[in-house]
Amino acid sequence: MTVAQILKGKGRDIVTLSPDATIADASRTLAEKRIGAVLITNKNGSIAGILSERDIVRALAKASAEGFEHPVSKHMTAKVETVHEQDTIPHIMERMTAGKFRHMPVVENGLPVGIVSIGDVVKFRLAEMEAEAKAMREYITA
């Protein structure tokens, strides 16, 4: 039960924006891709931050419509919690719960290789629990 197993099932696609993209750009990207967060990356591909729907709501609450023209770097979370492919599902569930965030980039050698959401984790755990229940039923009836 590791992050690598989740990425194997969902894929490794990562949506990124540059730090100078606007909140309007980020909003359009999130809506078009139907995702809840976007990674903000530097020119070398390293993570500069993460911007979530919540960050956008906070930006607009502070600056009203003018906030749409602010760079994402002004409102992103710069201290990004990351995970590695070998991290276990229970471990990242604890970190997400404790930190009250829903998205964690997966990093290897300092660069993002995927992103895992709480929805991905829940979906994986449900499938795992269903498989365990099925195996138990088969064992009992056999």
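Residues numbered from 1 in each chain as written. Predicted model: local features only at pLDDT ≥ 70, side-chain atom pairs only at ≥ 80, totals over all residues. Heavy atoms only, no water.

Novice: Looking at this structure, how should I read the overall build of the protein?
Specialist: A count of helical and extended segments in the protein gives 5 helices and 5 strands. For the protein, the proportion of contacts with a sequence separation of at least 24, taken over those separated by at least 6, is 57%. For the protein, the centre of its 19 positive side-chain charges and the centre of its 18 negative side-chain charges are spaced 2 Å apart. (Helix = DSSP H or I, 4+ residues; strand = E, 2+ residues; numbered from the N terminus. Contact = heavy atoms within 4.5 Å. Lys, Arg positive; Asp, Glu negative; His and termini not counted. Charge placed at Lys NZ, Arg CZ, Asp CG, Glu CD.)

Novice: Is there a simple way to explain the side chain of Thr41 in this structure?
Specialist: Among the secondary structure elements, Thr41 is positioned in strand β2 (residues 37-41). On the basis of relative accessibility, which here comes to 12%, the residue Thr41 falls in the buried class. When near neighbours in sequence (up to four residues on either side) are disregarded, Thr41 contacts Thr16, Leu17, Ser18, Pro19, Ser46 and Ala48. (Buried < 20%, exposed > 50% of the residue type's maximum accessible area, 1.4 Å probe, protein only.)

Novice: It is not clear to me how the pairing of strand β4 (residues 103-108) should be interpreted in this structure. Could you clarify?
Specialist: Each regular strand displays side chains that alternate between the two surfaces of the sheet. Burial of β4 is extensive: 5 of the 6 residues sit out of reach of the surface. Sheet topology note: the β4/strand β5 (residues 111-117) ladder contains 6 bridges and is antiparallel. Residue pairing in the sheet places Val107 in a bridge with Pro112 of β5. Between β4 and β5, which pair antiparallel and follow one another directly, the connecting turn spans 2 residues, one of which, Asn109, has a positive phi of 55 degrees. (Pairing = 2+ DSSP bridges.)

Novice: Looking at this structure, how should I read the sheet that holds strand β3 (residues 47-52)?
Specialist: Within a sheet, neighbouring strands are paired by backbone hydrogen bonds and run either parallel or antiparallel to one another. Judged by pairing direction, the sheet is mixed, and its 3 strands sit side by side in the order β1-β2-β3 without closing on themselves. Bordering the open sheet on either side are β1 (16-17) and β3, each of which pairs with just one other strand. Sheet topology places β2 next to β3; 5 bridges connect them, and they run antiparallel. Along β3, the bridge assignment pairs Ala37 with Ser52.

Novice: Explain the pattern of salt bridges here, please?
Specialist: Should the charged atoms of two oppositely charged side chains come close, the side chains can pair. By the definition in use, this model includes 8 salt bridges. Two residues, Lys10 and Asp120, come together in a salt bridge whose shortest N-O distance is 2.9 Å. Residue Lys10 is found in helix α1 (residues 3-10), and its partner Asp120 is found in helix α5 (residues 118-141); the two are separated by 110 residues along the sequence. The buried category is assigned to Asp120, whose relative accessible area is 19%. Look at the salt bridges and you will find they share partners, linking Lys79, Glu81 and Arg95 into a network. (Salt bridge = Lys/Arg side-chain N within 4 Å of Asp/Glu carboxyl O.)

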